[in-house]
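Chain residues, written in single-letter form:
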Amino acid sequence: MALADRDAAAVADRRTFAIISHPDAGKTTLTEKLLYFGGAIHLAGEVKARGQNRRARSDWMKIEQQRGISVTSSVMTFERDGITFNLLDTPGHEDFSEDTYRTLTAVDSAVMVIDAAKGIEPQTRKLFEVCRIRNVPIITFVNKVDREGKEPFALLDEIADVLALDVAPMSWPVGMGGTFKGIYDLRRNRLFQRAPDATGAYEGGKANLSGLDDPRLEELVTPEIAAHVRDEAELAMAGYAAFDAAAYRHGDLTPVYFGSALKDFGVEQLIDALAEFAPPPREQPATPRVVEPGDPAVSGFIFKVQANMNPQHRDRVAFMRLCSGRFRRGMKLTQVQTGKTIAVHSPIFFFAQSRELADEAFPGDIIGIPNHGALRVGDTLTEGEQIRFTGLPSFAPEILRRVKLGDPTKTKQLRNALNDLAEEGVTQVFRPMIGSNWIVGVVGQLQLEVLISRIGAEYNVDAGFEPSPWETARWIAADDEAKLKAFIEEKRSAIAEDRDGAPVFMAKDAWELNYISQRHADIRFTATKERH
Ligand code: G4P
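Figured I'd write up the structure that's included with this text.

Rules used in this analysis
- Residues numbered from 1 in each chain as written.
- Predicted model: local features only at pLDDT ≥ 70, side-chain atom pairs only at ≥ 80, totals over all residues.
- Helix = DSSP H or I, 4+ residues; strand = E, 2+ residues; numbered from the N terminus.
- Buried ≥ 20, exposed ≤ 12 C-beta atoms within 10 Å, placed from the backbone.
- Contact = placed C-beta atoms within 7 Å.
- Pairing = 2+ DSSP bridges.
- Axes fitted to C-alpha atoms, helices over the stretch in contact; angles between N-to-C directions.
- Near = placed C-beta within 6 Å.
- Nonpolar A, V, L, I, M, F, W, Y, C, P; charged D, E, K, R; others polar.
- Core = buried A, V, L, I, M, F, W, Y, C linked by C-beta atoms within 7 Å.
- Domains from an automatic or database assignment.
- Parallel < 35°, antiparallel > 145°, perpendicular 65-115°, else oblique.
- Left-handed = near helix turned anticlockwise from the far one by under 90°.

**Comments concerning the overall build of the protein**
Counting secondary structure elements, the protein contains 15 helices and 33 strands. When burial is assessed residue by residue, the protein has 43% of its 532 residues classed as buried. Of all intrachain contacts in the protein linking residues separated by at least 6 positions in sequence, the fraction that spans at least 24 positions is 72%.

**Observations regarding the sheet that holds strand β7 (residues 171-174)**
Consider a sheet: its strands pair through backbone hydrogen bonds, and that pairing is either parallel or antiparallel. Read from one edge to the other, the open sheet built from four strands follows the order β7-β8-β9-β10, with strand pairing classed as antiparallel. For this open sheet the edge positions go to β7 and β10 (206-208), each flanked by a neighbour on one side alone. Direction aside, neighbouring strands of the sheet carry axes that sit 20 degrees apart on average. Summarising the sheet, β7 and strand β8 (residues 182-185) pair through four bridges and their orientation is antiparallel. Among the inter-strand pairings, serine 171 is bridged to a residue of β8, identified as aspartate 185. Here helix α9 (residues 223-239) sits on the sheet and contacts β7 and β8; the angle it forms with β7, its principal contact strand, is near 155 degrees.

**Re the site of the ligand**
Around the ligand, a shell composed of 19 residues is seen, among which Gly26, Lys27, Thr28, Thr29 and Leu262 lie nearest. Going through the elements one at a time, α2 (27-37) and α3 (46-57) are the ones with two or more residues in the shell around the ligand. Here the residues of the shell around the ligand sort into four nonpolar, eight polar and seven charged.

**A look at α2**
Burial of α2 is extensive: nine of the 11 residues sit out of reach of the surface. Along α2, the residues that are buried comprise Lys27, Thr28, Thr29, Leu30, Glu32, Lys33, Leu34, Leu35 and Phe37. One or two steps after α2, the chain reaches glycine 39, where phi turns positive at roughly 75 degrees.

**With respect to the sheet that holds strand β5 (residues 138-143)**
Across the sheet, seven strands lie side by side as β2-β3-β1-β4-β5-β11-β6; this open sheet has mixed pairing. In the strand order of this sheet, the two ends are held by β2 (75-80) and β6 (166-169), each with one partner. On average, each strand axis in the sheet is tilted by 30 degrees relative to the strand beside it, whichever way the strands run. In the sheet, strand β1 (residues 14-21) pairs with strand β4 (residues 109-115) via five bridges, with the strands oriented parallel. By the bridge assignment, alanine 18 is partnered in β4 with alanine 110.

**Focus on the nonpolar core**
Judged by nonpolar contacts, the single largest core of 101 residues is most densely connected at Ala110 and Met320. The leading source of residues in this core is strand β14 (residues 316-324), at six residues. When residues of this core are sorted by domain, at least three fall in each of domain 1 (19-76 + 111-277) and domain 2 (286-389). With residues up to four places along the chain from it excluded, the contact list for alanine 110 reads Phe17, Ala18, Ile20, Cys131, Val136 and Ile138. Formed by 30 residues, the second largest nonpolar core is a distinct cluster that contains Leu421, Val426, Val440 and Ile523.

**Here's the deal with the pairing of β14**
Here β14 lies mainly inside the structure; nine of its nine residues are buried. As judged from the eight bridges shared by strand β13 (residues 299-307) and β14, these two strands associate in the antiparallel manner. Its bridge partner lying in β14, glycine 300 is registered against leucine 322. Of the pairings in the sheet, the one linking β14 to strand β21 (residues 366-370) comprises five bridges and is antiparallel in character. Across the sheet, residue alanine 318 finds its bridge partner in β21, namely isoleucine 369.

**A few points about the packing of α2 against helix α11 (residues 267-277)**
Here α2 crosses α11 at 75 degrees, and the two axes come no closer than 9 Å. Of the possible angle classes, the one that applies to α2 and α11 is roughly perpendicular. Contacts between α2 and α11 involve Leu30, Lys33, Leu34 and Phe37 from the first element and Val267, Glu268 and Ile271 from the second.

**Topic: the packing of helix α12 (residues 411-424) against helix α13 (residues 445-459)**
With their axes 10 Å apart at the nearest point, α12 and α13 run at an angle of 120 degrees to one another. On the basis of their axis angle, the class for α12 and α13 is oblique. Viewed along their axes, α12 and α13 form a crossing whose handedness is right-handed. Each of Gln413, Asn416, Ala417 and Leu421 in α12 lies in contact with α13, whose residues at this interface are Leu451, Arg454, Ile455 and Tyr459. Of the residues in the contact of α12 with α13, the class split is five nonpolar, two polar and one charged.

**Examining unusual backbone geometry**
For the bond from threonine 287 to proline 288, the omega torsion is 0 degrees, close enough to zero to count as cis. Its place among the elements puts proline 288 in the loop between β12 (286-287) and β13. Positive phi values are uncommon outside glycine, yet asparagine 135 reaches one of about 50 degrees. The topology assignment puts asparagine 135 in the loop between α6 (122-133) and β5.

Okay, structure coming up:
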């Protein structure tokens with residue numbers, strides 16, 4: 001039996017997506033404009049107030065203010081023309097690849113924002129690779145065309161070459177930088193021009209034309225600019241792939257939109273493209289069977305846990321991506337990993353400026369489940385079926401540090417803090433077989449600063465780090481248990497357990513790791529661990 005018709009329609013009308021970009025390409029600005037044009041927020045004098053708003057939104061976390069970056073991901077839901085959009089925010093800083101990776105497991109498509117002056121930057125490329133592994137289809141938004149940037153042809157060629165993707169231009173900038181006059185929609189033959197002011201008089205700036213050769217183009221811009229855009233757009237349409245929805249959904253082709261998030265160009269077209277082309281909730285990899293969104297029983301997985309979202313109330317919220325069934329408030333769900341039953345009485349939906357109780361939710365939706373630490377990243381929740389979603393790995397840490405306590409009477413608080421933050425996925429914690437010092441493992445330097453700042457602010461523990469003798473760690477396993485045991489005995493001083501009790505080998509450097517792993521061919525050294 002599949003979902004009822006109404007439920008199936010609700011699934012078909014959902015778009016769960018993330019924005020991937022390099023810091024500064026304009027993700028925050030674009031997010032705000034998507035929410036604005038999606039009717040979710042009202043931005044009076046928004047551009048000037050932006051910096052302040054951003055701070056107000058994330059005031060629960062000091063480090064965000066200090067650094068001016070967004071460290072944690074969140075979810076924003078908005079509706080437009082009958083479509084429900086769930087936008088999952090990914091942390092923009094390059095140190096946060098692990099959290100970002102997990103967020104990307106919870107989306108069905110992505111928008112890649114590129115700065116027109118900079119082209120493909122390193123972080124964009126990294127995130128793109130993650131999307132490619134999971135066949136997440138991508139719509140490209142070339143931002144900041146109101147400024148001097150690279151030529152549109154150069155940008156399209158760069159995307160095609162660097163990412164090995166077909167590109168299909170969907171719109172074309174009419175002038176750029178100083179000569180910027182607007183955006184031409186190649187599919188619908190509409191010209192979007194500069195809005196007279198920032199008060200929303202945007203409609204006035206849209207003209208429907210009969211085609212690129214419509215003589216009104218000369219009147220709307222200048223004869224020179226009209227001639228230029230005609231030449232370029234015709235060349236582009238002849239030279240690049242035509243849009244092909246199937247190739248896009250396979251991740252082989254990216255439709256490219258030009259725009260300016262700051263000046264309100266191209267944002268509505270982007271929303272329309274997501275509504276028209278982006279896939280609704282997709283099937284999710286799981287064992288022993290793949291889960292279809294149309295399956296009637298509720299299932300989902302936790303891709304993020306956030307503690308202390310509000311320091312006044314020590315709450316902890318697990319973010320669940322619903323994968324199948326219609327969820328209803330009060331449902332009892334089984335945490336497959338432990339067999340425990342959890343009654344979900346106060347599930348939360350995240351809107352741009354508020355949180356609301358979720359009475360029902362559909363595949364593709366993200367609901368927040370308040371809990372006291374029972375739910376962990378990677379958990380599968382079902383109505384009882386023994387399935388587990390796969391593909392939510394932990395990454396081997398690249399930095400290992402010993403935790404040093406300022407006040408020795410606070411050992412217990414420190415343990416709690418590390419436990420909580422490890423549950424959230426902010427850090428990994430290892431307990432060496434020999435010695436009593438905890439070792440924390442992170443994938444980037446900034447993560448250490450976040451850790452110390454949160455241990456201080458949320459747990460009132462003065463802690464610091466000191467170097468550990470190890471630089472890198474790998475999970476170890478073997479088909480032959482006896483061989484694994486022997487290896488652990490032999491290397492006792494370099495073995496630790498992770499939070500789940502899984503054995504980990506810590507090496508002084510990459511050379512040692514390589515050397516040891518070559519000499520122990522029976523042992524598997526892995527840099528990622530799937531959470532089961
Ligand atoms: P991010 O989240 O990807 O890091 O980028 P963010 O939106 O914060 O934008 C980075 C900078 O680029 C901001 O300027 C923003 O105003 C500017 N920007 C974003 N979109 C556009 C656009 O379409 N055109 C132009 N010309 N600029 C754009 P800032 O001065 O660094 O930030 P702020 O001090 O104004 O907040």
